[in-house]
Amino acid sequence: MRSSSFPFGPPGSAALTGSAAARRLLSRRAFLSALGAAGAVAAGAGALSGCTSGPSAAPPGGSGPGGSGAGPTGGSGPGDPVGRVVPGAVDGRVLVVVDLQGGNDGLSTLVPYTSSRYRDLRPNLAVPGDEVLAGDGEVGFHPSLERLARRGLVTVEGVGPMAGDLSHFDMSARWQRGDVDGTGTRLRTGFLGRLTDALDDGSPLVGVALGGSTPHLVNDRASTMSLDSLDALWFLEPADWSEASAYQQGLAAFGGDDQFPAVAAGSYRQLLDLAGRLSAGGDADGRDVDWDHPMVAEGGELGWQLYLAADLIGAGLGTRVVYAGVGGYDTHTGHAYAAEANLAQLDVAVDGFLSRADELGFADRVLVTTISEFGRRVPENGSGLDHGNASTMLVAGPVGDRRAGERPPLDDLDENDNLRTTIGFDRYLATLAQEWLGVEAASVLPGAPEPLGLL
Amino acid sequence: MIERHPGRARAAHLLRRTSLTVNPSRIDQLADLSWDDAVADVLSRATGADAGDDPPATDDWTDLVTWWVNRMIDPTSGLRERMAWFWHGLLTTSADKVSSAGLIRRQLTDLRSGALGDYRTILHAYVTGGALVQYLDADGSMAANPNENLARELMELFTVGRDAYTEDDVRSAARALAGWVVEDGEVSWRRENAFVAPLLFKGVQDDWDTAKVVDFLCDQPETAQRVSTRLWHHLVGTDLDPAAAADLGKWWQEQELAVPDLVERVLLDPAAATARLNRPRSGLEWFTAYRAVVGTPADDAWTLQSLGQMPYQPPNVGGWPDGPRWLSPGSLLARASLAFDTDWEAMAPGRSGTVDDILDRCGLQELSTATRAALDAVRSSDELPVEEAQHTRWRLALSSPEFSLA
């Protein structure tokens, strides 16, 4: 039933004997320490930081039954919209959001290679015109985006905030909330979290975050969590191994009326439920990672995350919204090298994901989209680029190949020398919600932003 | 909640908040003292001793994290390591952007030795340390075309906060902070890169430089209020209403930002003694408590990555977010898998299997009836031999909701 393979492959959960369990513990411990060593080596590049065997740390706040909305405010905030699915929406579609954290430069992603103004403002950092890919006479892709340029994708230019500011935290929070103009600070849930609630059908993993903490998925109802490996649940899967089952019984008995014990007890119940469903899904023998797969070997943290995302979506856990965050885009210095490396990882990771989606049979119902808190300053500061405003977003999947959005003029920058926003990012999010997932945009975003008619 | 012994429960609460472990012998020492006397004991122990050994010289920064985590776990560790950890959360740095472990070592030495000093001194050392200069892109910043990152974060995160500066202030501060260079693991200031003419910053025309900007920002009431409110939240776990926050900040400014005074004032507030188990332990707080209980050295600091809180690997310059997310399924999964996978052979000496002994060792002097019942329900049987039943009780105590709370 589960045709995909999962990372970290100790054998399946069924019929563990005492000695098999002991072996498993031993091999797991050895594996963890080997991983620790690898992690330490790779720390400088951060390349393996997504490869921890445990779940990712500080996962999304929203957490399904018992744990959901468990923040100090509890319950539904007065300002949080309640999502609605539009009648006749295509069922089962999945949205994968790749968050390029730090602020991705749109002008290095989709390069205005024939603009003399671009070369004037970026004497050191302009991408040479003879290197851009799939150029149309005005714009072309960064040479690192080789696979995606060949595959074809939709680009959306000019996406940004209204009345933006230059703080990572304010702008990240606004994207998380779906708050284009900074007036939605009372929103307690994240935009992606509201999507999971709108799509909630009781599935065990409607939303999942890879690569760590995100407020994007904070929600009220649907079951969501952060995960780096499904095998992390091995000791919670039903087993006729009394040491595991006695432990699981104890976890299930946790509870209490006080706020935090109740939250923790709810989280344990959710974990036990998920482990039970994974186990019922059968064949765990196939949880092997193809370490030579280009997206794992060359895709860095993001490649690893999207490799796991493909397995998760293929596992039939009802997953509809996936968040993958990757850092390294805050290129105040050394922009040229960083952009080359970052975009090459993005390229191999997204292309590899779409290829795996094809192999696993869900390529026609999955969309990969980028977000980023802001673009970068148009004039360079030497070797780098300071915080910017509007940027170019990428949309890959069964949606064709075209340049969309509205190109911000390079000769009319804002007061901080940044690109002006031509498409409020709430309209971009509205497009993903309504035109792809079939969730009415006005029901999950304040201000009823109009979808772009892209998909 | 079941309070097993009032004095011990009070002592355990104070230790959970003021150190990074709950040492049973310290509970014994504090159990008969009043809250105020116990607070005085914790403070005088910490301020009466220096930071001890410096971190080891190494070219691998993860050695420094391992060393630091072992300092935190040491039975003699107390408020100093707690405060050094607090400062690292506020004044954070990622090793990914720092070129040498020596610079991290220098910052860690400053944080630990200065942890119980005053905020102004801590901030000066942090801002002019090579690790932060590199982390926030001030390395090589030239006044003619300055990098804004350090200037912005200095105001937004470390001092006055988001509403107390303008983009013009960022540009001016960036010029004033220009001139720092890191070479061969040493930080220096180059006059030829700096802005040496008078400059308008925050409406004041002056010969601004790094020291003057930091001093000016430390003199602003917003700085005292923001930092003291953050420490209140860390130590007490509750929100402070705006009037109380303003009072606390004003008072702390009058104490010239002295850290021990602020800690004492916060802990002597009636709320501090009574607001118990009201915030989650973060990933590192759980890990140090866990390691201290199982008694094995923390030679695997990378495990902290899976717990979401590896020192010197913050998610961003804002540090690690707190709140109920630390009790989400993913977070508890990481904790439970460590608890389940404990090396029982290594902790065998002194290990006992009775529920009360386990709770004492874990510092769980108050707990919910559900947790107590879950532990009491574990009985040995034909399927669950005595030793496995004992392991199961330990695993459940370490996985319990209460052990995940601060």
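Residues numbered from 1 in each chain as written. Chains lettered and ligands numbered in written order. Predicted model: local features only at pLDDT ≥ 70, side-chain atom pairs only at ≥ 80, totals over all residues. Heavy atoms only, no water.

## A short note on the overall build of chain B
The helix and strand tally for chain B stands at 21 helices and 6 strands. When burial is assessed residue by residue, chain B has 61% of its 406 residues classed as buried. For chain B, restricting intrachain contacts to residue pairs at least 6 apart in sequence, the fraction spanning at least 24 positions comes to 71%. (Helix = DSSP H or I, 4+ residues; strand = E, 2+ residues; numbered from the N terminus. Buried < 20%, exposed > 50% of the residue type's maximum accessible area, 1.4 Å probe, protein only. Contact = heavy atoms within 4.5 Å.)

## A few points about the overall build of chain A
Helix and strand counts for chain A stand at 14 helices and 11 strands. The buried share of chain A, taken over its 455 residues, is 63%. Counting only contacts in chain A whose residues sit at least 6 apart along the sequence, the fraction spanning at least 24 positions is 74%. With an accessible surface of roughly 15,100 Å², chain A has 51% of that area assigned to carbon and sulfur atoms. (Areas by Shrake-Rupley, 256 points an atom, 1.4 Å probe, with all protein chains shown as cover.)

## Re the packing of helix H12 (residues 221–236) of chain B against helix H13 (residues 242–254) of chain B
The axes of two packed helices give the description: the angle between them and the distance between them. All names here are of chain B. The geometry of H12 relative to H13 is characterised by a closest axis approach of 8 Å and an angle of 110° between their N-to-C directions. In terms of their interaxial angle, H12 and H13 are classed as roughly perpendicular. Of the two elements, H12 crosses H13, and the hand of that crossing is right-handed. Residues Pro 221, Ala 224, Gln 225, Val 227, Ser 228, Thr 229 and Trp 232 of H12 pack against Pro 242, Ala 245, Ala 246, Leu 248, Gly 249, Trp 252 and Gln 253 of H13. (Axes fitted to C-alpha atoms, helices over the stretch in contact; angles between N-to-C directions. Parallel < 35°, antiparallel > 145°, perpendicular 65-115°, else oblique. Left-handed = near helix turned anticlockwise from the far one by under 90°.)

## Considering the nonpolar core
The tendency in soluble globular proteins is for nonpolar side chains to be buried as a group. Among the nonpolar cores identified, the biggest contains 206 residues, and Leu 306 and Phe 353 of chain A together with Trp 87 of chain B are the most heavily contacted of them. Lining this core are residues from two domains, each supplying at least three of them: domain 1 (2–32 + 280–404) and domain 2 (221–274) of chain B. Those residues in contact with Leu 306 of chain A that sit more than four places away from it in its chain are Val 96, Val 98, Met 295, Ala 324, Ala 349, Val 350 and Phe 353 of chain A. (Core = buried A, V, L, I, M, F, W, Y, C linked by side-chain atoms within 4.5 Å. Domains from an automatic or database assignment.)

## Things to note about the interface of chain A and chain B
Between chain A and chain B, the residue contacts involve 71 residues of the former and 63 residues of the latter. For the pairing of chain A and chain B, the buried interface totals around 5,200 Å² over both sides, and the portion due to carbon and sulfur atoms is 64%. The largest per-residue losses of area from chain A upon contact with chain B belong to Phe 169, Glu 243 and Phe 260 of chain A, which jointly make up 14% of the total buried on that side. Connecting chain A to chain B are 4 salt bridges. (Buried area = accessible area lost by both parts, 1.4 Å probe. Salt bridge = Lys/Arg side-chain N within 4 Å of Asp/Glu carboxyl O.)

## Some thoughts on the packing of helix H11 (residues 300–314) of chain A against helix H12 (residues 335–360) of chain A
Residue and element names in this part refer to chain A. Relative orientation of the contacting elements H11 and H12 amounts to 15°, with a least axis distance of 8 Å. Relative to H12, the element H11 is oriented roughly parallel. Of the two elements, H11 crosses H12, and the hand of that crossing is right-handed. For the pair H11 and H12, the contacting residues are Gly 300, Leu 302, Gly 303, Leu 306, Tyr 307, Ala 309, Ala 310, Asp 311 and Ile 313 in the first and Gln 345, Leu 346, Ala 349, Val 350, Phe 353, Arg 356 and Leu 360 in the second.

## Observations regarding the packing of aromatic side chains
Applying the stated rule across the entire model yields 22 aromatic pairs over all chains. When the centroid spacing of 5.2 Å and the interplanar angle of 35° are considered together, the rings of Phe 235 of chain A and Phe 340 of chain B count as tilted. Of this pair, Phe 235 of chain A sits in the loop between strand S6 (224–226) and helix H8 (242–253) while Phe 340 of chain B sits in helix H18 (residues 329–340), which puts the two residues in different chains. When sorted by exposure, Phe 235 of chain A lands in the same class as Phe 340 of chain B, which is buried. A ring pair is formed by Trp 241 of chain A and Phe 340 of chain B, whose centres lie 6.0 Å apart and whose planes are at 80°; its orientation type is edge-to-face. One end of the pair, Trp 241 of chain A, is in the loop between S6 and H8; the other, Phe 340 of chain B, is in helix H18, on a second chain. There is no split in this pair, since Trp 241 of chain A and Phe 340 of chain B are both buried. Here the aromatic cluster, defined as three or more aromatic residues joined through ring pairs, consists of Trp 234, Phe 235, Trp 241 and Tyr 247 of chain A together with Phe 340 of chain B. If you follow Arg 93 of chain A out to its NZ or CZ, it ends over the ring of Trp 436 of chain A, 4.0 Å from the centre. One residue, Arg 356 of chain A, lies across the ring of Tyr 307 of chain A, its end atom 3.9 Å from the ring centre. (Phe/Tyr/Trp six-rings, centres within 6.5 Å; stacked < 30°, edge-to-face > 60°. Lys NZ or Arg CZ within 6 Å of the ring centre and 35° of its normal.)

## Description of unusual backbone geometry
Residue and element names in this part refer to chain B. A positive phi angle, close to 50°, is found at Asp 184, a residue other than glycine. Structurally, the position occupied by Asp 184 is in the loop between strand S2 (180–183) and strand S3 (186–189). Judged by its relative accessible area of 78%, Asp 184 is exposed. Here Glu 256, not a glycine, exhibits a phi torsion of approximately 55°, which is positive. Take Glu 256: its relative accessible area is 64%, and that puts it in the exposed class.

## Description of the confidence of the model for chain A
All names here are of chain A. Residues of chain A with pLDDT of at least 70 account for 80%, and the chain-wide mean is 81. Segment residues 1–78 is flagged for pLDDT under 50; beyond a separation of four residues in sequence, or across chains, it makes 203 contacts in the model. Contacts of residues 282–286 to residues separated by more than four positions or lying in other chains number 10 contacts, the stretch itself having pLDDT below 50. (pLDDT = per-residue confidence, 0-100.)

## Examining the environment of Asp 63 of chain B
On the secondary structure map, Asp 63 of chain B appears in helix H4 (residues 61–73). Asp 63 of chain B sits 238 residues away from Ala 301 of chain B along the chain, and the two C-alpha atoms are 8.7 Å apart.

## Thoughts on the pattern of salt bridges
Scanning all chains against the criterion turns up 41 salt bridges over all chains. Ionic pairing is found between Glu 146 of chain A and Arg 150 of chain A, a salt bridge with its closest N-O pair at 3.8 Å. Of this pair, Glu 146 of chain A and Arg 150 of chain A both sit in helix H5 (residues 146–151), 4 residues apart, which is roughly one turn of the helix. Since its relative accessible area comes to 43%, Glu 146 of chain A is described here as partly exposed. Across the salt bridge formed by Glu 148 of chain B and Arg 377 of chain A, the nearest N and O atoms sit 3.5 Å from each other. One end of the pair, Glu 148 of chain B, is in the loop between helix H8 (130–135) and helix H9 (149–158); the other, Arg 377 of chain A, is in the loop between strand S8 (366–371) and strand S9 (391–396), on a second chain. Judged by relative accessible area, which is 8%, Glu 148 of chain B ranks as buried. A relative accessible area of 9% means that Arg 377 of chain A is categorised as buried.

## With respect to the pairing of S8 of chain A
All names here are of chain A. For S8, the buried fraction is high: 6 of the 6 residues fall into the buried class. Here S8 shows no split at all, with Val 366, Val 368 and Thr 370 on one side and Leu 367, Thr 369 and Ile 371 on the other all buried. Inspection of the sheet shows strand S1 (residues 94–100) paired to S8 by 6 bridges, in the parallel sense. Bridge assignment links Leu 95 to a residue of S8, and that residue is Leu 367. As paired strands, S8 and S9 are joined by 2 bridges and run antiparallel to one another. By the bridge assignment, Thr 369 is partnered in S9 with Val 395. (Pairing = 2+ DSSP bridges.)

## What about the side chain of Arg 393 of chain B?
Residue and element names in this part refer to chain B. Looking at the secondary structure, you find Arg 393 in helix H21 (residues 386–399). There is a polar contact of 3.1 Å between the side chain of Arg 393 and the backbone oxygen of Val 378. Setting aside residues up to four positions removed in sequence, Arg 393 forms contacts with Gly 353, Val 355, Ile 358, Leu 375, Val 378, Arg 379 and Ser 380. (Polar contact = N/O pair within 3.5 Å; in protein donor to acceptor, adjacent residues only side chain to side chain.)

## What about helix H13 (residues 425–437) of chain A?
All names here are of chain A. Relative to the 18 Å expected for 13 residues at 1.5 Å per residue, H13 spans 17 Å between its end C-alpha atoms, a close match to the ideal helical length. Among the 13 residues of H13, 11 are classified as buried, and the element is accordingly described as predominantly covered. Following H13 by one or two positions, Gly 438 has its phi on the positive side, about 75°. (Expected span 1.5 Å × (residues − 1).)

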